[in-house]
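Secondary and tertiary structure notes
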Amino acid sequence: MTKILDEVLEANQKYAENFGDKGDLPMPPGRHFAILTCMDARLDPAKYAGLAEGNAHVIRNAGGRASDDAIRSLVISYKLLGTREWFVIHHTDCGMETFNNEIMGDLLSGSLKCATIDASGWHDSNAGGGTTDGKFVEWLTITDQAKSVLSDVQRIRNNSMVPADIPIYGYIYDTKTGRLIEVPEATEAGKAG
Ligand SMILES: [Zn+2]
């Protein structure tokens, strides 16, 4: 086993030993809300938003973007599992601000090895064995956090499957302080009608 695999399984054993009555939790989130946020390792929605098991849906992807798949999850979240309020939470210092579609396409063309970043941007080893497939992907990168939150709230709000009475709140998580900072124009765009 790898060290990480060992560590995860050991941690899980400890977690399961103190599982208590959580096995009795119902499937629908008890507090009837959902959060769409970034996969960034510094963000722990359970901690920054005060969640316990069974409370809320947390949908995560690179950037916390309102991709088709994120919207798929949100629609399931309300339609089948009863959430009534949604948050879109992007964050400061997001990795999605460090590249764009063209850069990612070029990096993947160079090789499938890990790229590296320095003051001048991302670099690939160009060791070969890459693929041009990355040039056909919309990577949903970010140039301005407030704008990305706003556009994602708008995209969700304007989706025909999303009912008008679900408010969508737009926030930026500050990785330096742990605070959630509202993007007022996003919350305004997401307000329940
Ligand atoms: Zn991020």
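Preceding block: the structure.
Residues numbered from 1 in each chain as written. Predicted model: local features only at pLDDT ≥ 70, side-chain atom pairs only at ≥ 80, totals over all residues. Heavy atoms only, no water.

Take the coordination of the zinc ion next. Coordination of the zinc ion by the protein comes from C38 (SG), H91 (NE2) and C94 (SG), over a distance range of 2.0 to 2.3 Å. As a motif over one chain, the donors of the zinc ion read C-x52-H-x2-C. Taken as a pair, C38 in strand β1 (residues 33-38) and C94 in the loop between β3 (85-91) and α4 (101-110) lie far apart in primary sequence, 56 residues in all. (Donors = N, O, S within 2.8 Å, 3.2 Å for Na, K, Ca; no water. Helix = DSSP H or I, 4+ residues; strand = E, 2+ residues; numbered from the N terminus.)

Along α4, the residues classified as buried are G105, L107 and G110. Buried residues along α4 sit against β5 (121-123). (Buried < 20%, exposed > 50% of the residue type's maximum accessible area, 1.4 Å probe, protein only. Contact = heavy atoms within 4.5 Å.)

Let's shift gears to unusual backbone geometry. One non-glycine residue, H32, lies in positive phi territory at about 55°. Within the secondary structure, H32 sits in the loop between α1 (3-17) and β1. Classification of H32 as partly exposed rests on a relative accessible area of 40%. For D93, which is not glycine, the phi torsion reads 60° and is therefore positive.

Our next topic: the pattern of salt bridges. All chains considered together, the criterion is met by twelve salt bridges. The salt bridge involving D44 is made with K47; its shortest N-O contact spans 3.7 Å. Between D152 and R65 there is a salt bridge whose closest N-O contact spans 2.7 Å. Placement of the pair is D152 in helix α5 (residues 145-157) and R65 in the loop between β2 (56-61) and α3 (68-79), with a sequence separation of 87 residues. As far as burial versus exposure is concerned, D152 and R65 are alike and both buried. (Salt bridge = Lys/Arg side-chain N within 4 Å of Asp/Glu carboxyl O.)

Before going further, it helps to spend a moment on the environment of A146. Residue position: A146 is located in helix α5. Ignoring any residue separated from it by four or fewer positions in sequence, one finds A146 in contact with I172, V183 and E185.

What follows is about a nonpolar patch on the surface. On the surface, M1, I4, L5, V8 and L9 cluster together to form a nonpolar patch covering roughly 510 Å² of accessible area. With respect to the element layout, L5 can be found in helix α1. (Patch = residues over 30% accessible without salt bridge, like charges linked within 9 Å, V, L, I, M, F, W, Y side chains within 5 Å. Areas by Shrake-Rupley, 256 points an atom, 1.4 Å probe, with all protein chains shown as cover.)

Put simply, the largest pocket is a space of about 310 Å³. In this structure, the largest pocket is lined by 20 residues; those nearest its centre are G95, M96, F99, M104 and W122. Looking at which element gives the most residues to the lining of the largest pocket, the answer is α4, with three residues. The residue inventory of the lining of the largest pocket, partitioned by class, reads twelve nonpolar, five polar and three charged. (1 Å grid on protein atoms, 1.4 Å probe; cavity = no way out; pocket = protein on both sides within 12 Å on 5 of 7 lines; lining within 4 Å. Points joined across faces, edges and corners; volume = space filled by probe spheres on them. Nonpolar A, V, L, I, M, F, W, Y, C, P; charged D, E, K, R; others polar.)

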